[in-house]
Amino acid sequence: MGRVFVVELDGRSYRCKLCDCPLALAENVLSKTFNCSRGRAYLFSNVVNVTVGSQEERLMLSGLHTVEDIFCCCCGQILGWKYVIAHDKNQKYKEGKFVLERCRIEDDIAGEFNLDAGHGSSDAEP
């Protein structure tokens, strides 16, 4: 295997949860309402530092799609998939887009703010 060159991203980004490799800019999120078999997923217009698997036909909730699984180029973790062909004309907007499973990525500001946390600050009124 050759040397891996990692593309660094400027700005708020999403990273591989296992190895912290940068994957996508927050501004490239198209939708946060996708779901996968392991929970929530985000649709991105562009991702970096991934390798793609072979094309396969996959029946999803939105219909039949030709997809390629995508993997972190640094650690090899499966991250999600790329839509190659949407067979339903109403799903054509997904072609060429990427889905990253939320359980496999983290936001680079997650350490500063926990947006999923409930209320419960120590500054709350009694």
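In what follows, the structure referred to is the one given above.
About the criteria used
- Residues numbered from 1 in each chain as written.
- Predicted model: local features only at pLDDT ≥ 70, side-chain atom pairs only at ≥ 80, totals over all residues.
- Heavy atoms only, no water.
- Core = buried A, V, L, I, M, F, W, Y, C linked by side-chain atoms within 4.5 Å.
- Buried < 20%, exposed > 50% of the residue type's maximum accessible area, 1.4 Å probe, protein only.
- Helix = DSSP H or I, 4+ residues; strand = E, 2+ residues; numbered from the N terminus.
- Contact = heavy atoms within 4.5 Å.
- Salt bridge = Lys/Arg side-chain N within 4 Å of Asp/Glu carboxyl O.

What follows covers the nonpolar core. Generally speaking, nonpolar side chains in soluble globular proteins are found buried as a group. By size, the foremost hydrophobic cluster in this structure holds 16 residues, and its most contacted members are Tyr14, Cys16, Leu23, Phe44, Val47, Leu79 and Leu100. Contributions of two or more residues to this core are made by strand E1 (13–16), strand E2 (22–25), strand E4 (39–44), strand E6 (63–72) and strand E8 (98–101). Contact partners of Phe44, with chain neighbours within four places excluded, come to Tyr14, Ala24, Leu25, Asn28, Val29, Leu30, Lys97, Phe98 and Leu100. The next biggest cluster of nonpolar side chains, apart from the first, holds nine residues, and it includes Phe34, Ala41, Val67 and Tyr83.

A few words now on the pattern of salt bridges. Under the defined criterion, the tally for this structure stands at seven salt bridges. Note that Glu56 and Arg58 form a salt bridge whose closest N and O atoms lie 3.0 Å from each other. A relative accessible area of 35% means that Glu56 is categorised as partly exposed. Residues Lys92 and Glu95 are paired through a salt bridge, measuring 3.2 Å at the closest nitrogen-oxygen approach. For Lys92, a relative accessible area of 39% translates into the label partly exposed. The class of Glu95 is partly exposed, set by a relative accessible area of 28%.

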